[in-house]
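What follows is each chain in one-letter form.
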Amino acid sequence: MMRHLRSTHPAILEGAEDGNIPTVPRPATDTAGPSKQGRQRELDEALVNMVVKDLQPFTVVEDEGFMAFVNKLDPSYVLPSRRALKTMVTERYNKTKEKTMEDLKKAEFVSLTADMWSSLNMDGYLGVTCHYITPEAKLATVVLGVRRFYQTHTAQHLMEAKSLLMAEWGIQSKVVCMVTDNASNMVLSAQLLKLRHVPCFAHTLNLIVKKALDQTAVISDIRQKARKIVGLFRSSCKAKDKLVEMQGLMARPTLKLIQEVETRWNSTYDMMQRLYDQREPVGAALSNLKSDIAPLTSLEYEIIEDSLSILKPFKLATTELSEEKRVSASKLIPLYRMLQHKLRQKKGHVPQESTVQLGSHLQDGLHSRCGEYETFRALGLATLLDPRFKNVAFGNSTNAQEAEKNLTLECASLMRSNTATPEPQMSTSGPSSSSSSSTTTTTTPAETQDSLWELFDSRIRETQTTHSTTADATVEVKKYLKDAFLPRTHDPLIYWKERAVIFPHLCVLAKKYLCMPATSVPCERIFSKAGEIICKKRSRLSPSTAEQLIFLNKNVL
């Protein structure tokens, strides 16, 4: 009411300050009022968008600078209070969640990713995202929740929390799989939910590369020296200034060195790549500094160059599979094959023994952790249903045939469920209703009552139906596999949308298996935003409000 009085009837408030509240007659036709109210609503909506998109605190409306800036832009606009702004965000959250639930109801199948995160205050949070294919043949991602997790992180507690979240969104019967890291509690929680578990490929690659780097003694020593050098230039102002000076003298771009993060192998790649690119300015700066840190030798830089060449395919694979808007699970089998091929190819072109050892360790890690991908039923079907890959992506012909067999069986099962055969009508009119053709069976009243042959007749009907649907499914699968391959850069979802009439049952299965993500990176991105929201400046923010802000930030903007 006070906001309305300030914006529309300021004279009332001025009179109130003097102890005299004047009566303002309402004009017969008030055209300015609705216009001002509409303007107020528009600016309120824009303010909510700003808070959600830029992750601004609610107290921004009380900051003097912001208030003065808004007053300059539009003196008639009255900023809401901090509590009123929070209420607006909650209303937007409720509306958006309701709309998102309606969208999820249209989805036939969904896949989930889940991960755990600890905030700045060491509070545990469980994040779950949902992935599905829209009727417009687009891959959609929805944040289901980022819930404060008060219990111990056991598989049972994780299972219960995920089950409640799935029930809240009404997707229990639609979930195809759950993608998580390889933590035992995450894997077991999916098993307790009776969901198919798919390991996060990015996490798997991280384990493979980190182990291979640690197993190669020479490269491990170079990494330790590199960390010390980077640490010097990132902690010492004098060293940093000297590096900038050397970069200017050598006409090199002014770039900071990158320090690796223990939990992300690609940060190691970025550290070594930046250090190699800036090797001359770094060497010159170190020679002008009084430091006991020894620079890297020319041989060590050669080893870094060869190591980067060996690791580059893994870097590209991690980047490609981390996209949220593209089909990714169907790429796991062909990517595994391409990584093995690249490693064999590059090992023959590196002169250093240490980089050859690194390549061998990477090959062993790939084989031990990803060698069984072709036998995973879900991944095999996803690859087969991707018109860019089909059965050519398989390295083993037996695995390709098994995937084709599984696809035919699922297609036949779908056909049977879509065309349920009605039970035949039993005749009770006696001999007068004898068959007019040789295919009609006469059933006597005694047979109807005793049902002596009921089991046999039902098995005959099931066998005939099974043979028919299996034959039809085989025809549809064979026809699809003979269809032209889709170029690798094209969208397979558009392919299935255009051929929904030609391959109606395979199209349904494509929606089921191509919605699976290859990684749990969407959850990692959620937690990156959560870290910006749950910070020192907003230490009093409640978990429910934090979840609303994350939900709106990821689902709307």
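Predicted, not measured: the structure shown is a model, and the values here were computed from it.

Enquirer: Could you clarify how one ought to interpret the overall build of the protein chain in this entry?
Expert: Secondary structure summary: the protein chain contains 23 helices and five strands in total. Across the 557 residues that make up the protein chain, the buried fraction comes to 45%. Contacts in the protein chain between residues far apart in sequence, at least 24 positions, make up 70% of those at least 6 positions apart. About 29900 Å² of surface is accessible on the protein chain, with carbon and sulfur atoms providing 53% of the total.

Enquirer: Explanation requested: the packing of aromatic side chains in the structure shown.
Expert: Two descriptors summarise a pair of aromatic rings, namely the distance from one centre to the other and the angle between the planes of the rings. Considering all chains together, one arrives at 13 aromatic pairs under this definition. Summarising the aromatic geometry, the rings of Y93 and F551 are spaced 5.1 Å apart at their centres and angled 80° between planes, so their arrangement reads as edge-to-face. On the criterion of sequence distance, the pair formed by Y93 in helix α5 (residues 82-106) and F551 in helix α23 (residues 543-555) is long-range, its members being 458 residues apart. Accessibility expressed as a relative area gives 2% for F551, which makes it buried. With a centroid separation of 6.0 Å and an interplanar angle of 55°, the aromatic rings of F201 and Y373 are classed as tilted.

Enquirer: Would you mind going over the sheet that holds strand β4 (residues 175-180) with me for this structure?
Expert: Spatial ordering of the open sheet is given by β3-β2-β1-β4-β5, a layout of five strands whose pairing is mixed. Lying at the two open borders of the sheet, with one neighbouring strand each, are β3 (139-148) and β5 (196-199). Across the sheet, the mean angle from the axis of one strand to that of its neighbour is 25°, orientation sign disregarded.

Enquirer: Would you mind going over the nonpolar core with me for this structure?
Expert: The nonpolar side chains of soluble globular proteins are, as a tendency, buried together. Formed by 94 residues in total, the largest nonpolar core has its most connected members in F233, F314, L362, L366, W496, L506 and M516. By residue number, the principal contributor to this core is helix α13 (residues 298-321), which donates nine residues. Apart from the residues lying within four places of it in its own chain, the contact partners of M516 are S111, V176, C177, S328, A329, A378, L379 and A382. Counting residues in each nonpolar core, the second largest holds 58 residues, with V48, M88, L195 and I550 among its members.

Enquirer: I keep staring at the pattern of salt bridges and nothing clicks. Help me out?
Expert: It is possible for side chains of opposite charge to pair when their charged atoms get near one another. For the structure on display, the rule yields 27 salt bridges. Among the salt bridges present, the one from D74 reaches R39, with a minimum N-O distance of 3.3 Å. Here D74 is found in the loop between α4 (64-73) and α5, whereas its partner R39 is found in helix α3 (residues 32-54), with 35 residues between them in sequence. Residue D74 is classed as buried on the basis of its relative accessible area of 14%. The partner of K99 in a salt bridge is D103, and the shortest N-O contact between them spans 3.3 Å. Here D103 and K99 lie together in helix α5, a separation of four residues that amounts to about one turn. On the accessibility criterion, K99 (55% relative accessible area) is exposed. Using a relative accessible area of 25% as the deciding quantity, one classes D103 as partly exposed. The structure contains a network of salt bridges with shared partners spanning K97, R147, E168 and E547.

Enquirer: Hey, could you run me through the packing of helix α9 (residues 217-235) against α13 in this one?
Expert: The packing of two helices is summarised by the inter-axis angle and the distance between the axes. Axis separation between α9 and α13 bottoms out at 11 Å; the angle between their running directions is 110°. When the axes of α9 and α13 are compared, the pair comes out roughly perpendicular. In this structure, α9 contributes V218, I219, I222 and K225 to the contact, and α13 contributes E300, I303, I304 and S307. The residue inventory of the contact of α9 with α13, partitioned by class, reads five nonpolar, one polar and two charged.

Enquirer: Explain the environment of K238 here, please?
Expert: Take K238: it is sitting in helix α10 (residues 237-249). Classification of K238 as exposed rests on a relative accessible area of 61%. Each C-alpha atom, one on K238 and one on L289, is 8.5 Å from the other, the two residues being 51 residues apart in sequence.

Enquirer: How should I be thinking about the environment of L165 in this particular structure?
Expert: Mapped onto the elements of the fold, L165 is located in helix α6 (residues 155-169). Sequence-wise, L165 and R147 are 18 residues apart; in three dimensions their C-alpha atoms are separated by 9.4 Å. Setting aside its immediate chain neighbours within four residues, L165 contacts V128, L144, G145 and R147.

Enquirer: What exactly am I supposed to notice about the packing of α13 against helix α14 (residues 332-347) here?
Expert: The contact between α13 and α14 brings their axes to 9 Å, and the two run at 165°. As the angle between them shows, α13 and α14 are arranged roughly antiparallel. α13 and α14 meet at a crossing whose hand is right-handed. Of the residues in α14, those in contact with S309, I310, P313, F314, A317 and L321 of α13 are L332, L335, L339, K342, L343, K346 and K347.

Calculation rules
Residues numbered from 1 in each chain as written. Predicted model: local features only at pLDDT ≥ 70, side-chain atom pairs only at ≥ 80, totals over all residues. Heavy atoms only, no water. Helix = DSSP H or I, 4+ residues; strand = E, 2+ residues; numbered from the N terminus. Buried < 20%, exposed > 50% of the residue type's maximum accessible area, 1.4 Å probe, protein only. Contact = heavy atoms within 4.5 Å. Areas by Shrake-Rupley, 256 points an atom, 1.4 Å probe, with all protein chains shown as cover. Phe/Tyr/Trp six-rings, centres within 6.5 Å; stacked < 30°, edge-to-face > 60°. Pairing = 2+ DSSP bridges. Axes fitted to C-alpha atoms, helices over the stretch in contact; angles between N-to-C directions. Core = buried A, V, L, I, M, F, W, Y, C linked by side-chain atoms within 4.5 Å. Salt bridge = Lys/Arg side-chain N within 4 Å of Asp/Glu carboxyl O. Parallel < 35°, antiparallel > 145°, perpendicular 65-115°, else oblique. Nonpolar A, V, L, I, M, F, W, Y, C, P; charged D, E, K, R; others polar. Left-handed = near helix turned anticlockwise from the far one by under 90°.

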